[in-house]
Amino acid sequence: MKIGIIGAGNIGGNLTRRLTALGHDVSVANSRGPQTLTELAEETGATPVPVEEAARDAEIVVVTVPLKAVPNLPSGLLDGAAEGVAVIDTGNYYPQQRDGKIAGIEDEGLTESRWTERQIGHPVVKAFNGTFAADILERPRPAGAPDRQALPVAGDDVAAKQKVRALIDELGFDTVDAGGLDDSWRQQPGTPVYGLREGVDGVTKALAEASSERTAEWRA
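Scope of this entry: the structure provided in the associated data block. Just so it is clear, the model here is predicted, and its values are computed rather than measured.

Membership of the largest hydrophobic core comes to 27 residues, with the highest contact counts inside it found for I5, L15, L19, I88, F128, V164 and I168. Breaking this core down by element, the ones donating at least two residues are β1 (2-6), α1 (10-21), β2 (25-29), β4 (60-63), β5 (86-89), α6 (133-138), β7 (150-155) and α7 (158-171). For I5, the residues in contact, after removing those within four places along its chain, are G12, L15, T16, L19, V26, S27, V28, A29, V62 and T64. Among the nonpolar cores identified, the runner-up in size contains 26 residues, and A29, V70, W115 and V124 belong to it.

With that settled, consider the packing of α1 against α7. Packing of α1 against α7 leaves a shortest axis separation of 10 Å and a crossing angle of 80°. In terms of orientation, α1 lies roughly perpendicular with respect to α7. Facing α1, whose interface residues are L15, R18 and L19, α7 presents L167, E170 and L171.

Here the focus is the pattern of salt bridges. Following the criterion strictly, the structure yields 16 salt bridges and no others. R118 is the partner of E108 in a salt bridge, and the nearest nitrogen-oxygen pair spans 3.8 Å. Linking E108 in the loop between α4 (103-106) and α5 (112-120) with R118 in helix α5, this pair joins segments that are 10 residues apart in sequence. Across the pair, exposure class does not vary: E108 and R118 are exposed alike.

What counts as what
- Residues numbered from 1 in each chain as written.
- Predicted model: local features only at pLDDT ≥ 70, side-chain atom pairs only at ≥ 80, totals over all residues.
- Heavy atoms only, no water.
- Core = buried A, V, L, I, M, F, W, Y, C linked by side-chain atoms within 4.5 Å.
- Buried < 20%, exposed > 50% of the residue type's maximum accessible area, 1.4 Å probe, protein only.
- Helix = DSSP H or I, 4+ residues; strand = E, 2+ residues; numbered from the N terminus.
- Contact = heavy atoms within 4.5 Å.
- Axes fitted to C-alpha atoms, helices over the stretch in contact; angles between N-to-C directions.
- Parallel < 35°, antiparallel > 145°, perpendicular 65-115°, else oblique.
- Salt bridge = Lys/Arg side-chain N within 4 Å of Asp/Glu carboxyl O.

In structure tokens, the structure reads:
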């Protein structure tokens, strides 16, 4: 499968490592330019590209950049993607630590991924946002393994969400359908499922126990 990854930090880098190892054709981009990705490309066989080219012909695109950087992504980012492209948003809002205040999230009450979706002009599927980057390399398990970790996945596009869940299964993790994008507050920072290393039952329970109130720690 042709996969584009925008952002080569901890999550983006480790997804590049795993997805290339699984035989996918991965293009990877970051804000500093493809010349800064030579080492990752040599390690993985991924193709370093400018951000504007990351989605070209891609069936899945992963957006894994700081939330404050999302509005700076090029317009028409997904214009050259494959028909029916699924876009994964791994982002989190860290107002005090990194992002500053984002009015659409705090004042309008948008979920973090709904805000991202509006910025890029394309439906997104929220996944990997509460996953430790190291776990992508260290915790894959075969289907049916008793210690297989589960990840919550939220999104409105049923076909795109199924494509993402199938990819996560291939990566060695179970998934739990966390509902539509307006329900994705259940997996934002500060919720019980965020950073949780449990299976389907534990993740399902944690999602059900989440509160929609954004606490002071997660406001600017």
